[in-house]
Amino acid sequence: MLSGLRVRLLAPRAVSGCLHLSSGCVKRAGMEGPVEATIRAKLEQALSPEVLELRNESSGHAVPPGSETHFRVAVVSSRFEGLSPLQRHRLVHAALAEELAGPVHALAIQARTPAQWRDNPNLDVSPACLGGSKRDFRGVS
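Residues numbered from 1 in each chain as written. Predicted model: local features only at pLDDT ≥ 70, side-chain atom pairs only at ≥ 80, totals over all residues. Heavy atoms only, no water.

- The protein is annotated in an unreviewed UniProt entry as BolA-like protein 1 of Phascolarctos cinereus.
- Per its UniProt entry, the protein bears the Function (unreviewed entry) comment "Acts as a mitochondrial iron-sulfur (Fe-S) cluster assembly factor that facilitates (Fe-S) cluster insertion into a subset of mitochondrial proteins. Probably acts together with the monothiol glutaredoxin GLRX5. May protect cells against oxidative stress." (UniProt positions renumbered as here; feature names shortened; annotations may be inferred.)

Considering the overall build of the protein
Right, so step 1: Within the protein one finds four helices and six strands.
Right, so step 2: In the protein, the succession of α and β elements from N to C terminus is β-β-β-α-β-β-α-α-β-α.
Right, so step 3: A buried classification covers 38% of the 141 residues belonging to the protein.
Right, so step 4: Considering only intrachain contacts with a sequence separation of at least 6, the fraction spanning at least 24 residues in the protein is 60%.
Right, so step 5: A total accessible area of about 8,400 Å² is found for the protein, and carbon and sulfur atoms account for 56% of it. (Helix = DSSP H or I, 4+ residues; strand = E, 2+ residues; numbered from the N terminus. Buried < 20%, exposed > 50% of the residue type's maximum accessible area, 1.4 Å probe, protein only. Contact = heavy atoms within 4.5 Å. Areas by Shrake-Rupley, 256 points an atom, 1.4 Å probe, with all protein chains shown as cover.)

Comments concerning the pattern of salt bridges
Right, so step 1: Evaluated as defined, the whole model comprises five salt bridges.
Right, so step 2: Here Lys42 ties to Glu98 by a salt bridge, and the two come within 3.5 Å at their closest N and O atoms. With a gap of 56 residues between them, Lys42 in helix α1 (residues 34-47) and Glu98 in helix α3 (residues 97-101) connect regions that are remote in the sequence.
Right, so step 3: Overlapping salt bridges, with partners in common, bring together Lys42, Glu98 and Glu99 in one network. (Salt bridge = Lys/Arg side-chain N within 4 Å of Asp/Glu carboxyl O.)

Things to note about unusual backbone geometry
Right, so step 1: With phi around 40°, Ser48 is a residue other than glycine that occupies positive phi space.
Right, so step 2: Checked against the element boundaries, Ser48 lands in the loop between α1 and β4 (51-56).

Here's the deal with the pairing of β4
Right, so step 1: With respect to burial, β4 is a largely interior element, six of its six residues being buried.
Right, so step 2: The side-chain alternation of β4 yields two buried faces, one formed by Val51, Glu53 and Arg55 and the other by Leu52, Leu54 and Asn56.
Right, so step 3: Across six bridges, β4 lies against strand β5 (residues 70-76) in antiparallel orientation. Considered in β5, the bridge of Arg55 is made with Arg72. (Pairing = 2+ DSSP bridges.)

Topic: helix α2 (residues 85-95)
Right, so step 1: Within the sequence span of α2, burial applies to Arg88, Val92 and Ala95. Along the long axis of α2, the arc covered by the buried residues comes to 65°, so they all point the same way. Away from its buried face by more than 90 degrees, α2 exposes Arg90 and Ala94.
Right, so step 2: Buried residues along α2 sit in contact with α1, α3, β6 (106-112) and α4 (114-119). (Arc of directions from axis to C-beta.)

Focus: the nonpolar core
Right, so step 1: Counting residues in hydrophobic clusters, the biggest one holds 17 residues, and the most contacted among them are Ile39, Leu43, Val73, Val92 and Leu107.
Right, so step 2: Of all the secondary structure elements, the ones that give two or more residues to this core are α1, β4, β5, α2 and β6.
Right, so step 3: The element contributing the most residues to this core is α1, with four residues.
Right, so step 4: Aside from chain neighbours lying at most four places away, what touches Val92 is Leu43, Leu47, Phe80, Leu107 and Ile109.
Right, so step 5: In this structure, Val51, Ala74, Val76 and Trp117 belong to the second largest nonpolar core, which totals five residues. (Core = buried A, V, L, I, M, F, W, Y, C linked by side-chain atoms within 4.5 Å.)

Things to note about the pairing of β5
When a strand is regular, its side chains alternate between the sheet's two faces.
Right, so step 1: The buried fraction of β5 is high, at seven of seven residues.
Right, so step 2: The side-chain alternation of β5 yields two buried faces, one formed by His70, Arg72, Ala74 and Val76 and the other by Phe71, Val73 and Val75.
Right, so step 3: Relative to β6, β5 runs parallel, the two sharing seven bridges. Residue His70 lies in a different strand from β6, and its bridge partner there is Ala106.

So this is what it looks like as structure tokens:
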């Protein structure tokens, strides 16, 4: 069913929860939370990706430890051929509508075609969270 699928699950930058194998990065057993597992399963089913890289970036934000609220995903799928970036993001959002309406606060999306991924096979890095609210300007110059 998922033969040929390359899945690389990445831990937050500060913590490495990956085992590096010749085929990529595989998450250690017990490191993936239920929201992360659901995101991965829904994207696999909806988009049949060739590459799916998923990073839980919640630990870099002002949330309790162990939270699953902030994610970055790279999805490489032939379903994106001929679609604009907005249309690609809409497909991802449609697949994850329930999670985006509930536990997921932020989702950074890289939606690429296989050719685009071959040209640049990297997951972008999110900027550091400044934390706080719109009225809390500590640390902001």
